[in-house]
Amino acid sequence: MTPPLKKHQKTSGFRGAFMASFARRSLLAALLAVAVGVYLLPSPIDPKPHSLKGPPPTLEGPLATNTLLQKGRRLFTGKLHGPESFTADEDGNVYTGTVDGKLWRISPDDNLTFITQMGQNLPECGSSTDYEPVCGRPHGLRMDRHNRLIVADSYLGLFAVDPQTGEKTLLRPNAEGADGVPFAFLNGLEISAQTGTIYFTDSSSRWGRRHVKLEVIELNSLGRLLSYDPRSGAVSVLLDSLYMPNGIALSPDEDFLLLAETSIGRIHRFWLKGQKAGTGEVVLDNMIGYPDNIRLSDHGTFLVGITTPRFRRLTPPFLDAIAPYPAVKRFLAKVVPLSWYNILLPRYALVLELGLDGRIVGSLHDPEGRLTWAISDVFQHRGRTYLGSTDLPFLAVLESWESDP
């Protein structure tokens, strides 16, 4: 026979059960309070629903997987951090800009020379994107007919730089912008050899480069294609309502520009001559990845660096999955640190080769990211191909070009 519980044992059991119940209720109340608090917090983004054109294309035909991008080597490891775009002079020197706001010259025998700092030259430059608005971040880079470097600095504006002395001339500050709208994210750049006109892109009127992930998640159409007349200093808006316009490239006859709309994964063509002059059209949509810079190759095609591939898996790619759901995007922007999204980025290098009609004629891959990944620019010069990146701490080069496995 079980002995009856003593009074203090009954009291102790009741108190324990009460405390456990109280703890559970307190935890639920705390979680509910946190959830309500997060819900009420304003989101930094204001997305709209977006319907995709379809699932990503399959890796077949001209997109078939290969290892052609593994046949290269790395230069200046630890010295060049994020060589994003390239240009060259008549002497064979190649120029690039890095995350710390610096411009560099690479000689034909691979000697590296510092040219200038786009913004303030602080010890903290390059340590965090928080310093980019002060230090500068050169993106688009071209050499003009007067042997000056024309630089689109994402934060500071459009510049002309003497490559020998480093002297900078501000052509158009971001604050001045165009048509009453300041620039927030200067990015791609191209110069007409025929007229000297400078074409450039402002990827967003809302988000700067250091918040590029919010720009991509929000998927807004606040970007513009612009031109700068070096004789008058006038800036004109050629196209607006673009989805993160990025790299641009002139056709060989300069009758049109190809333009990458990164966040939406498509290529736009803007006509400069002919019956369609002043109009734009989409020539490549629903791409296998998100395009960055576009460059004319040395054999008459366009080369497109893919910053992030968009592969067909068992589940849709992350950005595909959240595209139709603004509420999900607003919530993620409130609770997920921007650096965490790097976990979702595959270490995969991809370059697309397009014909003059914008169709894909070939691709180069590095499926394991052995040489590089997240390619920003594909620049060919004197038999060598330079592969840019926005954040990697080295410069990847191919000593020869092979477009067939």
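Residues numbered from 1 in each chain as written. Predicted model: local features only at pLDDT ≥ 70, side-chain atom pairs only at ≥ 80, totals over all residues. Heavy atoms only, no water.

*Asks:* Go over the packing of aromatic side chains with me, naming the residues and quoting the values.
*Replies:* Scanning the entire structure with this criterion turns up ten aromatic pairs. Here F318 and Y341 contribute two aromatic rings whose centre-to-centre distance is 6.1 Å and whose plane-to-plane angle is 45 degrees, an arrangement assigned as tilted. With F318 in helix α4 (residues 318–322) and Y341 in the loop between α5 (326–335) and β20 (349–354), this residue pair connects regions lying 23 residues apart in the sequence. In this structure F318 comes out as partly exposed when scored by relative accessible area, which is 30%. (Phe/Tyr/Trp six-rings, centres within 6.5 Å; stacked < 30°, edge-to-face > 60°. Helix = DSSP H or I, 4+ residues; strand = E, 2+ residues; numbered from the N terminus. Buried < 20%, exposed > 50% of the residue type's maximum accessible area, 1.4 Å probe, protein only.)

*Asks:* Before we move on, can you summarise the layout of surface pockets with the specific residues and values?
*Replies:* By volume, the largest pocket amounts to about 1,200 Å³. Surrounding the largest pocket, 42 residues form its lining, K213, T307, T308, N342 and L345 being those nearest its centre. Every element with two or more residues in the lining of the largest pocket is listed here: α3 (212–218), β18 (289–296), β19 (302–309) and α4. Counting residues per element, the lining of the largest pocket draws most heavily on α3, at four residues. Looking at the lining of the largest pocket residue by residue, the class counts come to 20 nonpolar, 13 polar and nine charged. There is about 600 Å³ of room inside the second largest pocket. Forming the walls of the second largest pocket are 27 residues, and the residues nearest its centre are R142, M143, E190, I191 and R295. Contributing elements (two or more residues each) for the lining of the second largest pocket: β2 (86–88), β6 (138–143), β10 (186–191), β14 (245–250), β18 and β22 (375–381). For the lining of the second largest pocket, the leading source of residues is β22, giving four residues. Tallied by class, residues from the lining of the second largest pocket come to twelve nonpolar, seven polar and eight charged. (1 Å grid on protein atoms, 1.4 Å probe; cavity = no way out; pocket = protein on both sides within 12 Å on 5 of 7 lines; lining within 4 Å. Points joined across faces, edges and corners; volume = space filled by probe spheres on them. Nonpolar A, V, L, I, M, F, W, Y, C, P; charged D, E, K, R; others polar.)

*Asks:* Pulling in residues and values, what's your account of the pairing of strand β8 (residues 157–161)?
*Replies:* The buried count for β8 comes to five of five residues, which makes it a mostly enclosed element. The pairing of strand β7 (residues 149–153) with β8 spans five bridges and is antiparallel. If you follow D153 over to β8, its bridge partner there is G157. Between the end of β7 and the start of β8, which pair antiparallel, lie three residues. (Pairing = 2+ DSSP bridges.)

The quantities given are spatial measurements derived from coordinates; they are silent on function.
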